[in-house]
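Architecture at a glance
Each chain is listed here by its residues.
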Amino acid sequence: MKYGVNEQGYYGDFGGAYIPEMLYPNVEELRQQYLTIINDDSFKAEFNQLLKDYVGRPSPLYYAKRYSEKYGANIFFKREDLNHTGSHKINNAIGQILLAKRLNKKRIIAETGAGQHGVATATVCALMGIECVVYMGEIDMARQAPNVSRMKMLGAKVVPATSGSKTLKDATNEALRDWIGNPVDTHYIIGSVVGPYPYPDMVARFQSIISLETKKQLFEHTGKELPEYVMACVGGGSNAMGMFYHFLDDESVKLVAVEAAGKGVDSGHSAATTFLGKEGVLHGSRTILMQTDDGQVVEPYSISAGLDYPGIGPQHAHLYKINRAQYVSVTDDEALQAGLLCCQLEGIIPAIETAHALAQLEKMKFSPTDNVVVCISGRGDKDLDTYIKYFGY
Ligand SMILES: Cc1ncc(COP(=O)(O)O)c(C=O)c1O
């Protein structure tokens, strides 16, 4: 694969595994085994069965008629919001719990921002009867409160991260700290295409089911496998990478990744990583991240907890640098308005993360024959409070 990872774990200048010595045995064990395990027939059979019967895949590719009329192109929604637990995060969580079982791990840890990855991880741990600890920023616990209760009901322990901006970055730091302290029996289910190699590649493979299905489904709709555009929001970048994966080598397909501009890219309250960031190391990989001149991470801001992250996965950094994908950003206000429009035109309440991808449609110029696929990464139940406060319903 032209844009895939090399044997050293790099995508061009980005990737690798920059980890403390204490984590080396864990990460090395994963690196040595992940491809053998996930390519094994019994693994594939169990993974695909659970995706079908438990998650409810394939998720539909829905022709959004009123959106198509509004934007003057054929707009399709890839409905990851209809998955069990309400987002794309469950695809990766199922893959990693099956892997953890095969590595004989007895305890699972995870970080979460919007809580969707935490809920997905708590769900698969309940399914498999494995202990689960989820780290979550204190601010995110308040703004995504329904997901905190869901995790607790599912039997997970939710530990608040109280340092820094008390959001996703800080939760990831805490999870890494836990892993360093529990290197033998614990597997860390990272929720996005971030972290040391092999995580970015492993998570992208588990999420690649999104584009695999889309190709087939688009052919059924239009007689063509390849759309003109695929679009997705980017926090760490897992729904976007899943949506891009099987289109990466099809150079005619334009890939659009939408970051969170927060209150505006120049406002000092933003998470528009490619616009504001520079090359450096974050959470174990070389990538693009928001940092000060002396390399300290800049606290990000977005109304959307899942996009409130100062970096992007290393494969995204590479696709950005070589111009294979276009990286743009959308403000809080633009996203919330787009979320409401989706409710009113299509009867779908999207997650605020997803609403960022939808907001970008306003800024695009399409031809009437263009086929455009937007990844609807998750549903908006968790965000009702934020929508209600903003619109005053
Ligand atoms: C619904 C939804 N979409 C998108 C994201 C962003 O994550 P990623 O960029 O890894 O897809 C999240 C993260 O929590 C989410 O819950």
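Residues numbered from 1 in each chain as written. Predicted model: local features only at pLDDT ≥ 70, side-chain atom pairs only at ≥ 80, totals over all residues. Heavy atoms only, no water.

Overview of the site of the ligand
S192, G235, G237, S238 and S377 are the nearest of the 18 residues found near the ligand. A distance of 2.7 Å separates an oxygen atom of the ligand from a polar atom in the side chain of S238. For the ligand, the accessible surface in isolation is 390 Å², of which the surrounding protein chains cover 98%. Residue classes in the shell around the ligand are distributed as 5 nonpolar, 11 polar and 2 charged. Viewed by domain, the shell around the ligand spans two of them, domain 1 (20–50 + 89–203) and domain 2 (56–87 + 207–391), each represented by three or more residues. (Near = heavy atom within 4 Å. Polar contact = N/O pair within 3.5 Å; in protein donor to acceptor, adjacent residues only side chain to side chain. Areas by Shrake-Rupley, 256 points an atom, 1.4 Å probe, with all protein chains shown as cover. Nonpolar A, V, L, I, M, F, W, Y, C, P; charged D, E, K, R; others polar. Domains from an automatic or database assignment.)

Some points on the pairing of strand β10 (residues 254–262)
Among the 9 residues in β10, 8 count as buried, and that is most of the element. Crossover connection from strand β9 (residues 229–233) via helix α11 (residues 238–244) to parallel β10: handedness right-handed. Relative to strand β13 (residues 325–331), β10 is paired through 7 bridges, and the arrangement is parallel. When the bridges of β13 are listed, A260 appears paired with V330. (Buried < 20%, exposed > 50% of the residue type's maximum accessible area, 1.4 Å probe, protein only. Helix = DSSP H or I, 4+ residues; strand = E, 2+ residues; numbered from the N terminus. Right-handed = clockwise from strand over helix to strand, strands pointing away. Pairing = 2+ DSSP bridges.)

A few points about the sheet that holds strand β7 (residues 157–161)
Here 4 strands make up an open sheet; going across it, the order is β7-β6-β5-β8 and the pairing parallel. The sheet is open, and its two edges are formed by β7 and β8 (186–188), each paired on a single side. Pairwise comparison of adjacent strand axes, ignoring direction, gives a mean angle of 25 degrees for this sheet. Packed onto the sheet, helix α8 (residues 168–181) meets β5 (107–112), β6 (131–137), β7 and β8 and runs at close to 160 degrees relative to β5. (Axes fitted to C-alpha atoms, helices over the stretch in contact; angles between N-to-C directions. Contact = heavy atoms within 4.5 Å.)

Notes on the sheet that holds β10
One open sheet holds the 6 strands; their spatial order is β3-β4-β14-β9-β10-β13, and the pairing between them is mixed. Where the open sheet ends on each side, the last strands, each with one partner, are β3 (61–63) and β13. Averaged over all neighbouring strand pairs, the angle between strand axes comes to 25 degrees, with direction disregarded. Across the sheet, helix α14 (residues 332–346) lies against β3, β4 (74–79), β10 and β13, angled at about 90 degrees from β13, the strand it touches most.

What about unusual backbone geometry?
Backbone torsion omega between R57 and P58 reads 0 degrees, so that peptide bond is classified as cis. Within the secondary structure, P58 sits in the loop between α2 (41–55) and β3. Cis geometry marks the peptide bond from Y197 to P198, where omega comes out at 15 degrees. The topology assignment puts P198 in the loop between β8 and α9 (199–207). At N104, a residue that is not glycine, the phi angle is positive and equals roughly 60 degrees. By the secondary structure assignment, N104 is in the loop between α4 (89–102) and β5.

Digging into the pairing of strand β14 (residues 371–376)
The buried fraction of β14 is high, at 6 of 6 residues. In the sheet, β4 pairs with β14 via 6 bridges, with the strands oriented parallel. If you follow F76 over to β14, its bridge partner there is V373. Summarising the sheet, β9 and β14 pair through 3 bridges and their orientation is parallel. Bridging from a neighbouring strand, V230 pairs with V373 of β14.

Here's the deal with the packing of aromatic side chains
All told, the structure shown has 15 aromatic pairs when counted by the stated rule. In this structure an aromatic cluster arises from ring pairing among Y62, Y67, Y71 and F77. It is K254 that lies over the ring of Y229; its NZ or CZ is 4.8 Å from the centre. The ring of Y301 has K263 lying over it, and the distance from NZ or CZ to the ring centre is 4.9 Å. (Phe/Tyr/Trp six-rings, centres within 6.5 Å; stacked < 30°, edge-to-face > 60°. Lys NZ or Arg CZ within 6 Å of the ring centre and 35° of its normal.)

Concerning the packing of helix α5 (residues 116–128) against helix α7 (residues 145–153)
One can describe the packing of α5 onto α7 by two numbers: an axis separation of 9 Å at closest approach and a directional angle of 10 degrees. Relative to α7, the element α5 lies roughly parallel. Here Q116, G118, V119 and A122 of α5 lie close against α7, whose contacting residues are N147, R150 and M151. Looking at side-chain class alone, the contact of α5 with α7 contains 3 nonpolar, 3 polar and 1 charged residues. (Parallel < 35°, antiparallel > 145°, perpendicular 65-115°, else oblique.)

Observations regarding the nonpolar core
Counting 85 residues, the largest nonpolar core has L99, M243 and F244 as the members making the most contacts within it. If near-sequence neighbours (up to four positions away) are discounted, M243 is found in contact with K78, I210, S211, T214, V230, M231, A232, V373 and C375. One finds A64, L361, V374 and I376 within the second-largest nonpolar core, a separate group that totals 34 residues. (Core = buried A, V, L, I, M, F, W, Y, C linked by side-chain atoms within 4.5 Å.)

Some points on the domain arrangement of the protein chain
When cut into domains, the protein chain gives domain 1 (20–50 + 89–203) and domain 2 (56–87 + 207–391). When each unit is reduced to the centre of its C-alpha atoms, the spacing between domain 1 and domain 2 is 22 Å. For the pair domain 1 and domain 2, the summed buried area comes to about 2,600 Å², and 53% of that belongs to carbon and sulfur atoms. Among the residues domain 1 hides against domain 2, the three largest losses belong to N91, R143 and K169. Together they make up 23% of the total. Put simply, domain 1 and domain 2 have 2 salt bridges between them. The residue K169 makes a salt bridge to E299 at a minimum N-O spacing of 3.1 Å. Here domain 1 is connected to domain 2 by 18 residue pairs in polar contact (both at pLDDT 80 or more). Elements represented by at least two residues in the side of domain 1 that touches domain 2 include exactly α4, α5, α6 (138–143), α7, α8 and α9. With 5 residues, α8 is the single largest residue contributor to the side of domain 1 that touches domain 2. For the side of domain 1 that touches domain 2, a count of residues per class yields 12 nonpolar, 15 polar and 5 charged. (Buried area = accessible area lost by both parts, 1.4 Å probe. Salt bridge = Lys/Arg side-chain N within 4 Å of Asp/Glu carboxyl O.)

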